[in-house]
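# Fold and geometry: a report
Listed below are the residues making up each chain.
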Amino acid sequence: MSVDHCFITQLLDWFAIHSRDLPWRHTYAPYHVWIAEIMLQQTQMDRVVFYFTRWLERFPDIASLAAADEDEVLKYWEGLGYYSRARNLHRAARILAEQGHILPARYETLVKLPGIGPYTAGAIMSIAFNQDFPVVDANIERLFARLFDIITPLKSRENKILVWQKAAAMLPSGQSRNFNQALMELGALVCLPKNPLCSQCPVSLYCQALRLQIVHERPVLPPKKKTIFIQMATGILRRGDNILIQKRHADDVWANLWEFPGGRLKEGETPQQAVVREFLEETGLQVGVTGEITSVKHSYMHYRVILHGFFCDVVAGGKKEPALHAAQENRWVRFTELHRFAFPAGHRKLIEYLRNSSGI
Ligand code: SF4
């Protein structure tokens, strides 16, 4: 298929009518596009709109983001996952704050900022500044696999190179903002992963997979990663009206998030035994389990985690003050204060469970 003028016109006409009314499309302010693009990595659009709107109310510009405390930034990201995105946004805002609070319209400068790789830099250059830069996201990869009948598996290096080459070759000069977004939008709304709406597709005449009737065989998927099941246990230790929480190290998984002490079960260990051991290792406190709260499930990437939650007490005569063996900070806080801290998904579900069951 050669991409001709008609393809571009039909795609852009379709986008003009069918594009979703997204908040960052109102002005295409570079800061808005940047925040949206970072949020959209790994996150569904409907969730991003909610988080984006709330984020802009609190951090309307680079200056307000740069001036904020990292704990608060993480709190506004809580629930989106992949927290390095929020930390990098914050770090980049602080760098930009020293350079005039402006997101530069220069690809080479953008890719040097924390959290901005070639994809995001290209997206900002094209969508915010309408410069001629191609963009390839997961929607475009799928769309191209069908349009061009690409047989290299998704996520493979050859596939990435091929798709980026095609995206660059078909980019109409001076129209990259709408063209790139139109491709992404077509993938998101019409060329759906399972049941593409070919009868509504503005470029169906150009689609090789449709012509060959192999739409459901494209894209070729990469080998599936094995699901890894993990069991974890955590404990809520109370002292009067307060609960012990600790802040994870900055170079750890879920860096700088707060949690209740706990960790992964070792082979042959029960969840209760794991909590007791983890408390000792992480805080130096000898605790006993006094009750089971519940077990919550959550998933990230190809991991499936079951987190067992327990109430704990320090054993009689044991040390009362926790040490910092596995965290950078600890605090005793009231249950009603927990909403001020950002927790990983499993711990947040546990808090939610306690809140709904009035179990604390
Ligand atoms: S015709 Fe169908 S498979 Fe081809 S690009 Fe359009 S929606 Fe996708």
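Quick caveat, the model's predicted, so the values are computed rather than measured. (Residues numbered from 1 in each chain as written. Predicted model: local features only at pLDDT ≥ 70, side-chain atom pairs only at ≥ 80, totals over all residues.)

As a further point, take the overall build of the protein. Along the backbone of the protein there are 14 helices and seven strands. C-alpha extents for the protein along the principal axes are approximately 80 × 50 × 35 Å. Going through the 360 residues of the protein one by one, you find that 34% of them count as buried. Taking the intrachain contacts of the protein between residues at least 6 apart in sequence as the baseline, contacts between residues at least 24 apart amount to 68%. (Helix = DSSP H or I, 4+ residues; strand = E, 2+ residues; numbered from the N terminus. Buried ≥ 20, exposed ≤ 12 C-beta atoms within 10 Å, placed from the backbone. Contact = placed C-beta atoms within 7 Å.)

In contact at an axis separation of 10 Å, helix H9 (residues 138-147) and helix H10 (residues 157-170) are set at 90 degrees when each is read in the N-to-C sense. Here H10 runs roughly perpendicular to H9, going by the angle between their axes. Of the residues in H10, those in contact with Ile140, Glu141 and Phe144 of H9 are Val163, Lys166 and Ala167. In terms of residue class, the contact of H9 with H10 is built from four nonpolar, no polar and two charged. (Axes fitted to C-alpha atoms, helices over the stretch in contact; angles between N-to-C directions. Parallel < 35°, antiparallel > 145°, perpendicular 65-115°, else oblique. Nonpolar A, V, L, I, M, F, W, Y, C, P; charged D, E, K, R; others polar.)

Another aspect to go through is the domain arrangement of the protein. In many analyses, interface size is given as the accessible surface area lost on bringing the parts together. The domain architecture assigned to the protein consists of domain 1 (5-136 + 160-188) and domain 2 (228-357). Computed from C-alpha atoms alone, the centre-to-centre distance between domain 1 and domain 2 is 35 Å. Domain 1 puts nine residues into the contact, and the matching count from domain 2 is ten residues. A total of five residues in the side of domain 1 that touches domain 2 trace back to one element, the largest contributor, which is helix H5 (residues 70-77). (Domains from an automatic or database assignment.)

Moving on, we get to the pairing of strand E2 (residues 242-247). Here two bridges tie strand E1 (residues 228-239) to E2, and the two strands are oriented antiparallel to one another. Across the sheet, Arg238 pairs through a bridge with Ile243, a residue of E2. Judged from the six bridges that link them, E2 and strand E7 (residues 329-334) form a sheet pairing that is antiparallel. The residue of E7 that forms the bridge with Ile245 is Arg331. Pairing geometry for E2 and strand E3 (residues 258-259), over two bridges, is antiparallel. Residue Gln246 lies in a different strand from E3, and its bridge partner there is Glu259. (Pairing = 2+ DSSP bridges.)

Attention now moves to helix H8 (residues 118-128). The buried count for H8 comes to nine of eleven residues, which makes it a mostly enclosed element. Along its buried surface, H8 packs onto helix H2 (30-40), helix H7 (107-110) and helix H11 (176-189). Downstream of H8 by one or two residues, Asn130 has phi in the positive range, about 55 degrees.

Every one of the 15 residues lining the ligand counts as a neighbour, but Cys191, Cys198, Cys201, Ser204 and Cys207 are closest to it. If you list the elements that add at least two residues to the shell around the ligand, you get H9 and helix H12 (208-211). Broken down by element, the shell around the ligand gets its largest block of residues, three residues, from H9. Considering only residue class, the shell around the ligand consists of 13 nonpolar, one polar and one charged. (Near = placed C-beta within 6 Å.)

With that settled, the discussion passes to the pairing of strand E6 (residues 303-314). In terms of strand pairing, E1 meets E6 through ten bridges, oriented parallel. Residue pairing across strands places Thr234 opposite Gly309, the latter belonging to E6. Judged from the twelve bridges that link them, strand E5 (residues 287-300) and E6 form a sheet pairing that is antiparallel. Across the sheet, Gly288 pairs through a bridge with Asp313, a residue of E6.

We now examine the environment of Gln175. Mapped onto the elements, Gln175 comes out in the loop between H10 and H11. Taking the C-alpha atoms as reference, Gln175 lies 9.6 Å from Ile127; in sequence the two are 48 residues apart.

Right, let's talk about the nonpolar core for a bit. In terms of nonpolar packing, the biggest core is built from 84 residues, with Ile35, Ile124 and Ile140 touching the most fellow members. In terms of residue count, the dominant contributor to this core is H2 (seven residues). Split by domain, this core shows at least three residues from each of two domains, domain 1 (5-136 + 160-188) and domain 2 (228-357). Contact partners of Ile140, with chain neighbours within four places excluded, come to Val163, Ala167, Leu183, Met184 and Gly187. (Core = buried A, V, L, I, M, F, W, Y, C linked by C-beta atoms within 7 Å.)

Time to look at the environment of Asn256. Its location among the elements puts Asn256 in the loop between E2 and E3. Accessibility expressed as a C-beta count within 10 Å gives 21 for Asn256, which makes it buried. Separated by 216 residues in the primary sequence, Asn256 and Leu40 have C-alpha atoms spaced 22 Å apart. What Asn256 contacts, discounting residues up to four positions off in sequence, is Glu70, Leu74, Arg87, Lys247, Arg248 and Ala250.

Packing of H2 against helix H3 (residues 45-58) leaves a shortest axis separation of 10 Å and a crossing angle of 140 degrees. Comparing their axes, H3 and H2 come out oblique. Of the two possible hands of crossing, H2 and H3 adopt the one that is right-handed. Residues Ile35, Ala36, Met39 and Leu40 of H2 form the contact with H3, whose own contacting residues are Val48, Tyr51, Phe52 and Trp55. For the contact of H2 with H3, the class distribution of residues is eight nonpolar, no polar and no charged. (Left-handed = near helix turned anticlockwise from the far one by under 90°.)

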